[in-house]
Amino acid sequence: MRPVSEMAAVKRANFLSAAFLALLCVSACAFVSAKCQLPRESVFETEGAGPQYPSLTCTLLALALLATNVLGLSAIMPKSGPMAQNAFVIAILVGLMIPNTTALGSLSSVPPRPAYKVQKLQNEGPSPSSSLSLARLVPRLSLRGGGEDVFHEHSFVMRPGVTFQTQAKKMDDGTIEAKFFLKSPDVKGVTLHWGVSMNSDDEWVTPNKAGCESIVPSNSALYKDRAIRTPLKKTNDGLELTMRIPGDVKPKMPIGIRFVLWEPSSDMWYPGGSGGNFFVPLEKREKKRRPPPLQRSPSFTGAVDVESMEQKMQYRDERPGGVELSADLGHLMWNAAQREKAWVDGRKETKGMRLQRSPSFESAVKIMESVKAQKEKDDKEAQAFWQNEGGRLYYMPFNYQAERGRRKGTVKVAVTKEKKVKITVVPEKSDKGPGPLLLHWGVGTKNPWDWEKVDSKTLAAMNAGEKGQIKLKREAELQVLEFEFQDTPPMGMTFVLKDEDKGEWYKAEGKDFCVPITEAGRSKMEEKPKSDGAKSAGHSIVRTMSGTEIMAPDGASIAKEIFDGESKASVTLMHRYNHACHLIEKSPPGPDGRDAIIMIFCWLRFSQIRQLSWQRHYNTKPRELSAASERLNKLIAWRWKNASAREKEIYRMMLGCIGRGGSGGDGQAIRDEILHIMHRHKLPESKGTFMEEWHQKLHNNSTPDDIIICQAYLAFLHSNGDQGVFWRVLQENGLDRDRLRGYERAIHTDPQFFGDKKDGLIHDFNNYLRILKNVHAGADLEKCVEVCKNFLDGHINVLLESILRERGCGEDRVLAVVDSITEVRQLVSTRMTAEGDIVKLRDLLYLDLGLEAQMRLLAERAFGTFEKLNLESLTRGLTLWIAFAAENLVYSSSPGSGKLAPPGDLAEDANEIKACLRDWAQLVEDAHKGVGKTWMPKAMAVVDRMRRALGGIVDMISGSMQHKAEYLGHGLAMVTPEKIPEKWTITLFSEELVRGGGCSFVLSSFLRKLDKALRAQGGGSMWQVISAGKPGANGWVVQVPDLMSVQECVYDRPTVLLANSLSGEEEVPPGVVGVITPEAPDVLAHISVRARNLRVFFAGCFDPDEFDKLSDLVGKHVSCSQTGDKVQVVETEPDKDGNDGLAKVTSGLAALNLKLPPPAKFTKWCLPESQIGIEHKPKLFGAKSTNIVQVRKTLPEWVLTPKSAVVPFGVFEKVLEASENKDVAAEYKKLVEKELPASKEPLHVLQRLKAQILRLLAPPDLEKSIKASLVESGIIIQGELEGADWEEAFTALKGVWASKWNDRAYFSCKKANIGAEHVQMAVLVQRLVEADYAFVIHTKNPFKEDSGEMYAEVVVGLGETLVGNYPGRALGFAMNKDGSGDPQVQSMPSKSVGLFGGGLIFRSDSNGEDLPGFAGAGLYDSIPMVKNEHRTLMYHKEPLVVDRELSDKVMRGVCKVAADVEKAMDGVAQDIEGCYKDGKFYVVQTRPQV
């Protein structure tokens, strides 16, 4: 037995050993716990929050360590006593409990994860979990020092290799320390452009305005009193700035610092992670709570988890007359609706939408095709000009200012071999062109783009002015100039055009027009410019194979560099990708670089579709191609991260054109693994065998074609050596024998089958296919899931695995898979906007592209199955498909954000889709149990709106890309040895993008299908007859792109027009007996009223297939007739005389024999309401003023009218005679009496007349009288209309006067034999009612000619969206005027915007609006003194639509207004405009109904 002292020493030693081992276990457990911590990618958690609980794996591992150590105690401490062993166990338990106690408690209280997450949308930037910092691997506690409380950390990648970090922490003394650090060896200087937020994160004010200027660092400067600029200081590791804010700063501590970064050396600005400003909070934020799980469908019992998607439905719903429908359809509809509602409702809406009418998707495609046909026509014209006259034609697009906004015209220049020049300015088809143009020009003798003085002989021969400016001669809608160089012709001429009326200068899309005159000049322009300056970049042309010249678009300097690169003797994908990196890096970010980026995308797109060589006289190692691909796609991902919404979609499409690549081992494995396979299976390596030939190609230049070859070889193996299967797979993917034989390492031999090696080869080539996809396939879904699952949330991974497993499922499971795809895309899009790691962002973008492609494939597969369904099942299924397609379209065009984008952004069309999506989500939720009669009209309205939005997408793609694609494509075809791209790929570039990319075409297809299904169930007819004609119509069919383009035509035989689009404000051209259009104008729009007035057949055809069939009748004589709710258009024989009553048709309005009353002389400047009356003699104002005063006296008190004053007839003429307007009067008289009657094309004269009126100055007496009359009438109070307010009011008054020369008013008067110069204009002045709803009433239903029934249309907000025919439909209804029966709703509202506001309004009240049968309403303008506020409308929450009690009250009230006003006007049918505000009805004007 040992001595006591020795035993005590052993016990002490054992105890110390046990304690030491326990400490090691504690450390190991803590470290493993941190390492096993699942990354928390949820957007619900706040910045800087520490781990909430370790994963279950971590806990089990820790318990396993504990058990192992406890069981091994006897080995570790064989001679220690129970006390030491117990101490050791307790120490281990304590060590495990320290890091895991909270975890175990949390695990017991964590609610079950819902099957579907709702993402909260408000993000301040990338979350900390997205960075590559050590903070993800170790507990947050390790980052904190003593006495510090770090409550904010953020990392942002400015560009590859440059990282910006921010941190905020609270010190022991209460001071807040904010640090800004930029890590980069290259960046020389960065400045913080900043301000402070006092009340909200969105606010930005300078510290001096907030009263806390003490926080500003000493080296700061104030910038324009709008921001502080503080440079970061140089340190050993980079640039750094530390700001210390005392905790007791007066008067109030800012809640945060908001800023952007500016790099002075490159003048580049870096916004925050989501494209906005950076934000650093100066206070600790409360952790955001997770929202509750989505509410499940009331009709669906039981919780459905994601994993349950694997199982087939346990029961089915048999529907008579059709096939089976999945029983979970209602649940999927409910769930999709909740997700979409949460997404769009997550952020408030913005104000503003595009107001120009966008044709439907199908019509937009047709218009694009007509533009393409016009370009082909121009090409043929240029070719004929070259062959017949030896001259050249040049076409140069330009933008000009027209009556209705910016338009696009063309300058066509013909240069003959005798050096005669003819310049022709061609306006846009739907417009009359700019005002009279002056040519301001110069010539180049050494370079065609130089600007030198023109020789005197040529100028003298042209009768040029002193400055060498020459006026173009107007010929109809064209403006023309012809001349000949008298001396030696120069190399080229450069010019700009000046609009005499507006004073604007027009150029070729921002650059001077430049045309080569000699062959030397043409060759010079085709050479690469010596500098990259803007001037030389704009003067390059390319020539098509037929000789047509295409002038340079914006971004042409990039195209010239592309031409140089592609014309080299040796080009491969590696060279192309490296060149693309260089061009992207030199292109500035934002709008300044947008044209260059689109040009680069067109280039890479041509490459992707094999319209550029993938290998020309150069052998590329696969690892080199792999590295080039990775470099390019990472650069694109970085530019996407920092781009605005308009550029994001371009970069996203660009990324889809290239492979994933990688600098790892896969590139080299392409070369190595094929050899290993051949050696393992002892395949022959002799020449003349398929495997050896393919191996040589792979060794020297692997391309994406190898993926297809590998897939074909695998199919060949599975088919036991069927050669037909091998070649079929190749052909289905765009390869054939010629392509394989065309490789520099050609493949001539068919594959050989080795039956004994089949299974092994299949195994090895499946693995080899994965290697090929790793390098060449960017958006391959399997590869994307494999890459991204390592850093995505577990919920997303479960969904992705389900998608991969079920993407080949049967019909009954397709919708469930698409639902999973849609949910993953929503979660991924949110993650992308916050992701700070460029590699992960790249992989997420590829995943998103892969999911989008998979969704499209499933949709196309399902589309053919709809014919089997009965109508109700078809309607419900299509409703859900449309929800999915629209939601996916939103995630493509506007990822990560549910809120509406600001006006002018690419996402304007996404705004419309988002608004439609939110309205549609409510309809999907309502229909999850079934659809009813009241549901269908609402659905029709949203369908109509979605199709308009899709038309806008077509417009955007065609307008921004087609010209660049043609310039680039034809230029490449001239410089590449292969003479590619082929012409058809150039001509169809935009069309193929529309039809083949994304979800827009899928959505359009589903909308067309649902439109038919809804109409078949009573949701609306395929036809809408707006005017029945005489009845019907007989005439010759002519198709036009839009009705506006033929406003000046006079048809010499009865004509039925097929108009692809219309605005609603056009006139019916003489000779037209019928108009058929796929558009749906308001029933009370001007064109509708005019058609009924002239008894012209006018109908809308809403079936695209039916409208397409009508095109087959072009050039034939037809008869149009209405049968029930359908229209029959059949070919017939014309009358014997061939004119079908042409005299009656062409006479038009002239047959009405209209005469204006004699002109009234000036009496008073302005009349208050007390002096306005029907008995007033002489007549000093129109019926509009008279009627509004008359109805006020006779209407019951419940109908209100705004108070009025009038500027009477004769005032305009009196102002024109004032001495201060002497010069204006002289010019005005000359235009009216001389130039207008002599003009063959009066539009430019009309513009000049309106411009002269707007130059008028107000006589002092006019100002005093108007103010006094408005005060006396109670419209304004004394002193209200002073200074700038008066100037704005007088400008509005002049605008109404000027509208007598509106082109539509002028031509209407001309057709009616009314002299526009004799029209007198009074102006009714009222206070604008800030309406909730506005309406227009025809007290006699224009459809039925029933005097006992009224018809009305109602819109949200002010009535301008109705009378101005803004895109979309109004709420249209008919009702018995005696109030009996219920309102019969004809159409549900679908206007995109509502106008809201107040102030004064100046309404036209001419003597031409009251002529019987003339329908002058709407010809002249009513102008508000202040601009109205435009709001995007969402009808799911609009009371007029969702509140039956309110809508019934409004409609019945409108009907009663109709009856009472008609009674007050002695029973004469009335055309009434009014509004509804806070429960009260107003009538703002009334006139006899035409």
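Cut-off values and rules
- Residues numbered from 1 in each chain as written.
- Predicted model: local features only at pLDDT ≥ 70, side-chain atom pairs only at ≥ 80, totals over all residues.
- Heavy atoms only, no water.
- Core = buried A, V, L, I, M, F, W, Y, C linked by side-chain atoms within 4.5 Å.
- Buried < 20%, exposed > 50% of the residue type's maximum accessible area, 1.4 Å probe, protein only.
- Helix = DSSP H or I, 4+ residues; strand = E, 2+ residues; numbered from the N terminus.
- Contact = heavy atoms within 4.5 Å.
- Axes fitted to C-alpha atoms, helices over the stretch in contact; angles between N-to-C directions.
- Parallel < 35°, antiparallel > 145°, perpendicular 65-115°, else oblique.
- Left-handed = near helix turned anticlockwise from the far one by under 90°.
- Pairing = 2+ DSSP bridges.
- Salt bridge = Lys/Arg side-chain N within 4 Å of Asp/Glu carboxyl O.
- Expected span 1.5 Å × (residues − 1).
- Polar contact = N/O pair within 3.5 Å; in protein donor to acceptor, adjacent residues only side chain to side chain.
- Phe/Tyr/Trp six-rings, centres within 6.5 Å; stacked < 30°, edge-to-face > 60°.
- Lys NZ or Arg CZ within 6 Å of the ring centre and 35° of its normal.
- pLDDT = per-residue confidence, 0-100.

**Details of the nonpolar core**
The biggest cluster of nonpolar side chains holds 136 residues, and the ones touching the most others in it are L847, W881, W920, L968 and L1003. Sort the elements by how many residues they give to this core and helix α28 (residues 935-975) lands first, with 17 residues. Apart from the residues lying within four places of it in its own chain, the contact partners of L1003 are I882, A885, A886, L889, I913, M946 and L950. Among the nonpolar cores identified, the runner-up in size contains 50 residues, and W1165, L1246, I1253 and M1425 belong to it.

**A word on the packing of helix α25 (residues 838-863) against helix α26 (residues 871-893)**
Two numbers describe how α25 lies on α26: the axes approach to 11 Å, and their chain directions differ by 155 degrees. Judged on the interaxial angle alone, α26 and α25 are roughly antiparallel. Of the two possible hands of crossing, α25 and α26 adopt the one that is left-handed. Between α25 and α26, the contacting residues are E852, M855, L858, A859 and A862 on the first element and W881, F884, A885, N888 and S892 on the second.

**Some details on the environment of A1305**
Mapped onto the secondary structure, A1305 falls in helix α41 (residues 1303-1311). When its relative accessible area of 0% is taken as the criterion, A1305 is described as buried. Taking the C-alpha atoms as reference points, A1305 and G1408, 103 residues apart in sequence, are found 9.6 Å from one another. Excluding residues within four positions of it along the chain, A1305 makes contact with S1299, K1300, L1419 and Y1420.

**Comments concerning the sheet that holds strand β47 (residues 1480-1488)**
Ordered in space as β35-β47-β46-β38-β39-β40-β41, the seven strands form an open sheet in which the pairing is mixed. The outermost strands of the open sheet, each flanked by one partner alone, are β35 (1199-1200) and β41 (1384-1387).

**Re unusual backbone geometry**
With omega at 10 degrees, the peptide bond leading from I980 into P981 counts as cis. Relative to the helices and strands, P981 is located in the loop between α28 and α29 (983-987). Of note, the amide linkage connecting K1030 to P1031 takes the cis form, showing an omega dihedral of -10 degrees. Relative to the helices and strands, P1031 is located in the loop between β28 (1023-1028) and β29 (1033-1040).

**Observations regarding the pattern of salt bridges**
Counted by the stated rule, this structure contains 58 salt bridges. Of the charged contacts, one joins R576 and E566 as a salt bridge, the two residues approaching to 2.8 Å between their closest N and O atoms. Remark: E566 occurs in helix α11 (residues 556-566) and R576 occurs in helix α12 (residues 573-586); sequence separation between them is 10 residues. Neither R576 nor E566 differs from the other in exposure class; each is buried. Shared partners join several salt bridges into a network, and the residues in it are D501, E1227, K1230, E1235 and R1248.

**Quick notes on the side chain of T166**
Assignment of secondary structure puts T166 in strand β2 (residues 162-171). Given a relative accessible area of 5%, T166 falls into the buried group. Apart from residues no more than four positions distant in its own chain, T166 is found in contact with H152, E153, H154, K179, F180, F259 and V280.

**Topic: helix α23 (residues 794-806)**
Because the α-helix completes a turn every 3.6 residues, residues three or four places apart line up on one side. A rise of 1.5 Å per residue sets the reference length of α23, with its 13 residues, at 18 Å; its end C-alpha atoms lie 18 Å apart and thus fit the reference within 8%. Looking at α23, one finds that the buried residues are H795, I796, N797, L799, L800, S802, I803 and E806. If you follow the buried residues of α23, they end up packed against α22 (781-788), α24 (814-834) and α25. Between the side-chain oxygen at the start of α23 and the backbone nitrogen of H795 there is a gap of 3.0 Å, and the oxygen is on D793.

**Here's the deal with the packing of aromatic side chains**
The relation between two aromatic rings is expressed through the spacing of the ring centres and the mutual angle of the planes. One pass over the structure, following the stated rule, counts 37 aromatic pairs. With a centroid separation of 5.0 Å and an interplanar angle of 10 degrees, the aromatic rings of F259 and F278 are classed as stacked. In this pair, F259 is assigned in strand β9 (residues 256-263) and F278 in strand β11 (residues 278-281), connecting sequence segments 19 residues apart. Residue classification places F278 among the buried residues on the basis of a relative accessible area of 3%. Geometrically, the ring pair formed by W694 and Y768 is edge-to-face, given 6.2 Å between the ring centres and 85 degrees between the ring planes. On the criterion of sequence distance, the pair formed by W694 in helix α17 (residues 690-700) and Y768 in helix α21 (residues 758-776) is long-range, its members being 74 residues apart. Summarising the burial analysis for this pair, W694 and Y768 share the class buried. It is R229 that lies over the ring of W262; its NZ or CZ is 4.3 Å from the centre.

**Side note on helix α13 (residues 594-608)**
With 15 residues, α13 ought to run about 21 Å at 1.5 Å a step, and its terminal C-alpha atoms sit 21 Å apart, in line with that. Every buried residue belonging to α13 is among A596, I597, I598, M599, I600, F601, C602, W603, L604, F606 and S607, and all of these are buried. Two residues or fewer after α13 comes R610, characterised by a positive phi angle close to 65 degrees.

**A word on the confidence of the model for the protein chain**
Here the protein chain averages 79 in pLDDT, and 79% of its residues register 70 or above. Counting contacts from residues 528-539, a segment whose pLDDT is below 50, to residues more than four positions away or on other chains yields 18 contacts.

**Concerning the packing of helix α14 (residues 622-641) against helix α15 (residues 645-655)**
Packing of α14 against α15 brings their axes to within 9 Å, and their N-to-C directions diverge by 165 degrees. By the angle between their axes, α14 is roughly antiparallel relative to α15. The two elements α14 and α15 cross, and the hand of that crossing is left-handed. Of the residues in α15, those touching α14 at N633, I636, R639, W640 and K641 are K648, Y651, R652, M654 and L655.

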